[in-house]
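Architecture and fold: a report
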Amino acid sequence: MTASDLRTLQARISELESEVRELRAEAVGKQELEQSYRELAEHSADVLWVASVDRRQLFYVSPAFETIWGRPIEDAVRSPFAFVEFIHPDDRANVLGLRDLQDVGESPREYTHEYRILRPDGEIRWIWTRVVPVVDADGEVTRVAGISSDITARKQAEEGLRSAHDDLDRRVEQRTRELSQTNAKLRDSESQLRIITDNLPAFVSYVDKDERYRFVNKRYEDWFGRPAEEILGRHLKDVLGSQAYERIRDKVAVALSGEQITFEQSLPFADGRTRDFVARFVPDVADEGVVRGYFAMITDVTKQKLAEGALRETEQRFRLISANIDEVFWLASPDETELYYVSEAFERVTGYCCDDLYRKPMSWHDTLHPEDRSRLERMIEAEPGPPSEAIRDNEYRLFRRDGELRWVWTRSRPVYDDEGALVARAGVAADITERKVAELSLRDSEQRFRQLAENIQEVFWITSADGEDVIYVSPAYERIWGQSCESLYESPRNWFKSIDPEDQARVEAAFYSNLKPEPFEEEYRIIRPDGAVRWIRDRGFPVVDDAGRITRVVGIADDITDRKESEQALRESESHFRRLLEAQPDSIIITDAEGRIILANAQTEKTFGHTREEIIGQPVEVLVPQAHRAAHVGSRTRFVADKQAREAGLQLEIMGLRKDGAEFPADMRLSLLETDRGLFVMSTVRDITQRKEAQEALRQEKELSAAIIKSGVDGILAFDREFRYSLWNPGMEEISGYAEDEVLGQCAFDVFPFLVETGEDELFRRALAGETFVAKDRPYSVPGTGKQGFFEGSYAPLRDEAGEVIGGIAVLRDTTERKLAEEQARLLQTDLAYMSRLTTMGEIASGLAHELSQPLTAINNYARGCIRRLGSNGAVSPEMLDVLERIASEARRTGKVIRGLSDLVRRHPPRKIDVDMTVAIDEIHDLAAMEAKLHHAVLSVEIAAEVPAAPMDKVQIQQVLLNLVQNAGEALEAVPPENRKIEIVATVRDSVEIEIVVTDSGPGLPPDELDKIFERFHTTKKQGMGMGLAISRSIVEAHGGRLWATSEKEGSGASFHFTLPVPQGDQTHGSGSNCLRRR
Amino acid sequence: MGQEAIVYVVDDDVEVRRSLRWLLESVGMTVETFANAPEFLDAFDSARPSCLVLDMRMPEMSGLELQRELGVRGITIPIIIITAYGEVRDAVEAMKCGAVDFIEKPFSDQALLDQIHKALDRDIEDRHRHEFLDEVCAKIDELTPREREVMDLVVSGLSTKRIAEDLGISPKTVEAHRARIMQKMHAGSLADLVRLVVSARCGAAVA
């Protein structure tokens, strides 16, 4: 190296040094700028605005406009596009043309742009604006809102930085190229170079083509927190960390390919935090164009970025404010000594200017009500140390500028940056005066209510909706209930317990079960602790919320004991009177002096057929027939007018009119009542219809009894105490043959001696002794005619009006015929029973003989067969043959014995005489009917007129008939009683035989049973031998007739038919009466 | 003849049936027994001489009903009624309807056997008479209508001359007819002829 070379180099270095000094000064200036820039950002004196979607019309511009634009706000909102005039001519087209949302027709979205404005003082300022569409609830864009910041300072700083960078680059490039040519020289002066680079406000490094550090300045050491020795020679990746290396790798590649590159990047710093950098990589190109490495110039822009971030944050808050502009929003330093922003609502709420507040943030304290102010100050004093990070709520009274006192509610909260550092305090304040006033007035009214409640006589109470919680009860409770209010608050049921048990159910239903939002009322008794009973009237009024739910029940209870007691007394006296009135057997009607009915008793309703409601208030003449009304009015008026008549009262017989139009005779008495309310007439009316009718009935009864006595259906007689006949009616004449005049006045025992002979005189004596009785089947005989018979008599004493027995009366009936008939029936029954026994025995014997004859025949046949076979060939001993012969003969002898026995009890051949079938049936009719009745069946008999007499043993045939009726009755047991019928029909068939059919309505017979039932010992019944039908058949057959059964179909009943032949030629009818006399 | 006589027994009591068979077979009779009337009617052989021992009271068809049924069918078998006690009235009825006799149970075997023999004899006799009548009727059938005419008049006792006058033919012709009639009828004499014709008429009336 030559000396001149060295000189040149030294000169260059000194040049470089001076340049570096300049640059340093510049950098310091830039740092200051940066500082102011931050302050600017922190002050956030940005312009907020709201405009129409096309931005032609500004609706709102914040006051900062005046500061930034240097013009009054009015200029901005004066006319559409007024603001355009303030835009730098070079930027107008850009702002208007390209960014007009509506012209572009795109869906609105957020955008930002930067432009310059011209201030009236000729200053040009850079404005950064973010425009945001304001979307309403329907998604429609109605407005745009914007924030515009003065970024002039930033622009200038950026510009300065950029030119500083470029300058530095250029110089460094130049110098390094020179340096590379003079490596040796450079090495000598390396320490100097380091001084330079170390002092650069940037991170400077040289990285070779293998991406290994070759040079780092002092700041670089600070960045990574390690000495240069630990960095140099190491790979980028090792130093930066693989994560950071990956971010810049492609940038490194660009630089190593020979291109210069500038970029922004956030990278982790030594203290672990990420920092933002602006980096410029400049390739180190050798003469031959070979890239040996690159220079890196990296500037830390973290603070700048932070300022931008804060801007964005503020802006978001402002957007909130624009939406909720009614409340005051503010942003201040964490200790609140510095106000960053307060929304315009502050001016509206306080009447003070925002600017004043910006200037003196604490000045608002002066507006507070003295009480609240001292409270606030005490609070601040009580909270020393670092600014509070808590959310704070407060309410203050403050005096507006115009002197009006307003209530303000505030809430503030801390604001943190991304790194969690407390950067601000944001708050909101609202005017709550109206709410406060309402609250206060509520409190006032509550106060008034309480005064009212606690001074009234009645108990005022409030409970929960279910009544189980007492919210309030007024002190009157203690006076009326005799219990403390506290006891009620503690046990709300105490109230209920105090109620008389008789009333509890009713009250429970009304007060606890009533969840309908309607008022309710109950009267009940309570028993106080001192035992006194009080009547309470209690009314409840459910309180309902907007949703219709009951939230509370308020009520008022008052002591109505006095009223109740007087009511009770009144009611009792009225009830006495009313009962008296109601109990009257007469109709009592009270009318006023004009004749209008004002009261009527129960009997009146019965007598006249009207209800009381119908006649009260009506003229009393509604109860009088039309024809009598005029007269009635007259007599009534006279009665009221005539003092003498009034005093004496009045009694009349009148006609009454019933509601149904019927008229009736009545007795009426009038009397006068003089009361303080005037004159009243009391009418007592008695229906005398019955009395009149009774008189009539008595008369008719007399006539009737006379007619009865004379009619002579029964014999009626009367006698006096001396047994002399005093009455003898035609019936008696018929029975006795004695006429009335023959016996009247005669002693009974003289006229009819038999009375004494047979002891009938006793009947007379019993009647005279007062006994009423019936005597049956008494014999009589009539002197003279000699007529004898039986009678039945009802005897009774005859009494005079005093009840003394003055004689006797008897009603007699001749029962001779009935008695005879009864006797005959009894005899018949005896005959039938005897016959029945006899025939049954004969039938049994005959049946037995028949059944035994079969085996006996067989025995005999077998034995005789043996004898014939054995005897003919002589192979058997004579003794054997003899024994066989004895077997045969014993069998024959047995047969004879049996036949003899059955002959003994054998039914005699019927003793037939001509009998009228009608008579035969008539005789047993009663027995048959009785038999039918036993089975709850109805018997009907039908005998054809031409049925002739026929020869028969009547008793036997009657037995057959009764048998059949009995069978029919038994068959009917299977059907319901209402369907039980037995029918006997007698007809003549071809005039050769009489056919008698007994039909029942029973279940009938199956075809295979129709014959079997006639077999002996065949029975379907539990009792009986099954002989009845067999015997009947025997009897009928012995008469030359037939007996058989038919049954049309099952369920339609069975018929039993028997026939009796009628002898031809002689058709004379037999005489039944002869038969009857037979014994 | 040559056909063996047979005794039919109808009784619903099985022991009575068996003992009767035992008894009757002990005297060499041929016996067939039936529990009821329809069975008997099915098995009855009209070609053989026979008699019927019949119980009166039986289920389905009683003795009397069977008797009636036989009458309807033209069967003339002799019937002996055996009755248990108490059916005497029915037995009387049966006799009226042509039964040979009735015997009450239990009965003497000899009496029954006698009755059976009597009945069988009667049946054989009846059969002989019927055969004779059948022969006579067959002979009469062989006569010409004129010969029958002539025969009827001869049997009614008219003279040849009178017959000739009545028929408007000559007495000689009548004589010729008469001779041919006698020959055809195998009659030896006028009395013989009259007997044949009368018995034939009676038989026809009976049948």
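Before reading further, recall that the structure is shown in the block above.
Rules and cut-offs
Here, residues in each chain are numbered from 1, in the same order as that chain's written sequence. Just so you know, chain letters begin at A and ligand numbers begin at 1, following the order they were written in. Where local features are concerned, this predicted model is filtered to residues with pLDDT of at least 70; where side-chain atom pairs are given and counted, the filter is 80 or more; whole-chain, interface and lining totals use all residues. Side-chain calculation: all heavy atoms of the structure are included, whereas hydrogens and water are not. Runs of E in the DSSP output that reach at least two residues are strands. Runs of H or I that reach at least four are helices, and both are numbered from the N terminus. To sort residues, take the accessible area from a 1.4 Å probe on protein chains only and compare it with the maximum for the residue type: under 20% means buried, over 50% means exposed, and anything in between is partly exposed. Exposure was quantified through the Shrake-Rupley algorithm and a 1.4 Å probe, taking into account, for residues, occlusion by the shown protein chains and nothing else. Here, any two strands with at least 2 DSSP bridges between them count as paired. Two residues form a contact once any of their heavy atoms are found within 4.5 Å. Lines are fitted to the C-alpha atoms to define the axes, a helix being fitted only along its stretch in contact, and any angle between axes, read from their N-to-C directions, falls within 0 to 180 degrees. N or O atoms closer than or at 3.5 Å make up a polar contact, with two conditions inside protein: a donor-capable atom paired with an acceptor-capable one, and, for residues adjacent in sequence, both atoms drawn from side chains. Working definition: rings of Phe, Tyr and Trp (its six-membered ring) pair if their centres are within 6.5 Å, and the pair is stacked with planes under 30 degrees apart, edge-to-face with planes over 60 apart, and tilted otherwise. In this scheme, the term charge over a ring applies when either NZ of a lysine or CZ of an arginine sits within 6 Å of the ring centre and within 35 degrees of the ring normal. Defined in terms of a 1.4 Å probe, buried area is the accessible area two parts forfeit on being brought together, summed over both. We define a salt bridge as a side-chain nitrogen of Lys or Arg found within 4 Å of a carboxyl oxygen belonging to Asp or Glu. This arc is taken over the directions from the axis of the helix to the C-beta atoms. Throughout, the protein atoms alone are placed on a 1 Å grid, and a set of points is a cavity if a 1.4 Å probe fits but cannot get out or a pocket if it is open with protein on both sides within 12 Å along at least five of seven lines; lining residues have an atom within 4 Å of a point. Grid points are joined across faces, edges and corners, and a volume is the space filled by probe spheres set on the points. Throughout this entry, Asp, Glu, Lys and Arg are counted as charged residues, while Ala, Val, Leu, Ile, Met, Phe, Trp, Tyr, Cys and Pro are counted as nonpolar. The remaining residues, Gly among them, count as polar. To sort the angles, those under 35 degrees are grouped as roughly parallel, those over 145 as roughly antiparallel, those from 65 to 115 as roughly perpendicular, and the leftovers as oblique.

In this section: the overall build of chain B. Helix and strand content of chain B: 9 helices and 5 strands. In sequence order, chain B lays out its α and β elements as β-α-β-α-β-α-β-α-β-α-α-α-α-α. Buried residues in chain B amount to 44% of all 207 residues. Carbon and sulfur atoms provide 51% of the accessible area of chain B, an area that totals close to 10300 Å².

Residues and elements named next belong to chain A. Pairing of strand S16 (residues 459-464) with strand S17 (residues 470-473) involves 3 bridges; the strand directions are antiparallel. Looking at S17, one finds that Trp-461 is bridged to Val-473. Linking S16 back to S17 in an antiparallel pair, the connection comprises 5 residues, with Gly-467 at a positive phi of about 80°.

Residue and element names in this part refer to chain A. The residue Gly-609 is located in the loop between helix H23 (602-608) and helix H24 (612-615) in this model. We classify Gly-609 as partly exposed; its relative accessible area is 33%. Considering only alpha carbons, one finds Gly-609 and Arg-658, 49 residues apart in sequence, at a separation of 5.7 Å. Setting aside anything within four residues of it in sequence, one finds Gly-609 in contact with Thr-604, Arg-658 and Lys-659.

Okay, the sheet that holds strand S5 (residues 141-150) of chain A next. All names here are of chain A. As summarised here, the arrangement of the 5 strands in space is S2-S1-S5-S4-S3, forming an open sheet in which the pairing is antiparallel. A single partner strand is all that each edge strand has here, and the edge strands are strand S2 (58-61) and strand S3 (111-118). For this sheet, the mean angle separating the axes of adjacent strands, direction not counted, is 25°. In terms of strand pairing, S3 meets strand S4 (residues 124-135) through 8 bridges, oriented antiparallel. Within the sheet, the bridge partner assigned to Leu-118 lies in S4 and is Ile-124.

Attention now moves to the environment of Tyr245(A). All names here are of chain A. Inspection of the secondary structure assignment puts Tyr-245 in helix H12 (residues 242-256). A residue is classified by how much of its surface remains accessible, and Tyr-245, at 5% relative accessible area, is buried. Considering only alpha carbons, one finds Tyr-245 and Leu-267, 22 residues apart in sequence, at a separation of 9.3 Å. Within the structure, the side chain of Tyr-245 is placed 2.5 Å from the side chain of Glu-211, a separation counted as a polar contact.

It is worth spelling out the packing of aromatic side chains at this point. Within the structure shown, the criterion is met by 24 aromatic pairs over all chains. Measuring from ring centre to ring centre gives 5.2 Å for Phe773(A) and Tyr795(A), while their planes differ by 10°; the resulting arrangement is stacked. One end of the pair, Phe773(A), is in strand S28 (residues 773-781); the other, Tyr795(A), is in strand S29 (residues 788-799), with 22 residues separating them in the sequence. An identical accessibility class is assigned to Phe773(A) and Tyr795(A); each is buried. One aromatic cluster in this structure is built from Phe719(A), Phe723(A), Phe749(A), Phe764(A), Phe773(A) and Tyr795(A). Sitting above the plane of the Phe773(A) ring, Arg766(A) keeps its charged end 3.8 Å from the centroid. Taking the ring centre of Trp22(B) as reference, the NZ or CZ of Arg869(A) above it sits at 3.9 Å.

A few words on the sheet that holds strand S30 (residues 805-814) of chain A. Sheet strands pair via backbone hydrogen bonds, and the direction of the pair is either parallel or antiparallel. Residues and elements named next belong to chain A. With respect to topology, 5 strands assemble into an open sheet ordered S27-S26-S30-S29-S28, the strand pairing being antiparallel. Only two strands of the sheet have a single partner each, and these edge strands are strand S27 (725-728) and S28. Between one strand axis and the next, the sheet turns through 25° on average, direction left out of account. Two strands pair when backbone bridges link them, and strand S26 (residues 715-720) and S27 are joined in this way by 3 bridges, in the antiparallel orientation. Residue pairing in the sheet places Ala-718 in a bridge with Leu-727 of S27.

A word on the interface of chain A and chain B. Listed by partner, the interface residues are 24 residues for chain A and 28 residues for chain B. Interface area for chain A against chain B, summed over the two sides, is near 2300 Å², with a carbon-plus-sulfur share of 52%. Considering only the side of chain A, the residues that lose the most area to chain B are Tyr862(A), Arg868(A) and Arg869(A), jointly responsible for 27% of the buried surface there. Linking chain A to chain B there are 2 salt bridges. Residues Arg868(A) and Asp109(B) are paired through a salt bridge, measuring 3.0 Å at the closest nitrogen-oxygen approach. If you look at where chain A meets chain B, you find 9 residue pairs in polar contact (both at pLDDT 80 or more). The set of elements that each furnish at least two residues to the side of chain A that touches chain B consists of helix H33 (816-873) and helix H34 (878-904) of chain A.

With that settled, consider unusual backbone geometry. Of note, the bond from Lys105(B) into Pro106(B) is cis; its omega dihedral lies within 30 degrees of zero at -20°. For Pro106(B), the location among the structural elements is in the loop between strand S5 (101-104) and helix H5 (109-142). A positive phi angle, close to 65°, is found at Glu211(A), a residue other than glycine.

Residues and elements named next belong to chain B. Every buried residue belonging to helix H3 (residues 63-72) is among Gly-63, Leu-64, Leu-66, Gln-67 and Leu-70, and all of these are buried. Projection of H3 onto a plane perpendicular to its axis shows the buried side chains occupying an angular sector of 160°, all on one side. Of the residues flanking the end of H3, it is Gly-74, one or two places downstream, whose phi is positive at about 70°.

It is the rolling of a water-molecule-sized probe over the atoms that shows where space remains empty. Residue and element names in this part refer to chain A. The final tally for this structure, using the stated rule, is 9 cavities of 30 Å³ or more. If you add up the space inside the largest cavity, you get close to 250 Å³. Those elements that place two or more of their residues in the lining of the largest cavity are S16, S17, helix H18 (476-481), strand S19 (533-544) and strand S20 (550-559). The class makeup of the residues in the lining of the largest cavity is 18 nonpolar, 3 polar and 3 charged.

Residue and element names in this part refer to chain B. It is at 11 Å that the axes of helix H1 (residues 14-25) and H5 come closest, and there the two elements cross at 70°. With respect to each other, H1 and H5 are oriented roughly perpendicular. Touching Leu-20, Leu-23 and Leu-24 of H1 are Asp-109, Leu-112, Leu-113 and Ile-116, all from H5. Per-class residue counts for the contact of H1 with H5 are 6 nonpolar, no polar and 1 charged.

Residues and elements named next belong to chain A. By the secondary structure assignment, Asp-592 is in strand S21 (residues 587-592). A relative accessible area of 12% means that Asp-592 is categorised as buried. A polar atom in the side chain of Asp-592 sits 3.0 Å from the backbone nitrogen of Glu-594. Here the side chain of Asp-592 touches Arg-596 through a polar contact of 2.9 Å, landing on its backbone nitrogen. Beyond its immediate stretch of four places on either side in the chain, Asp-592 contacts Ile-598, Leu-679 and Phe-680.

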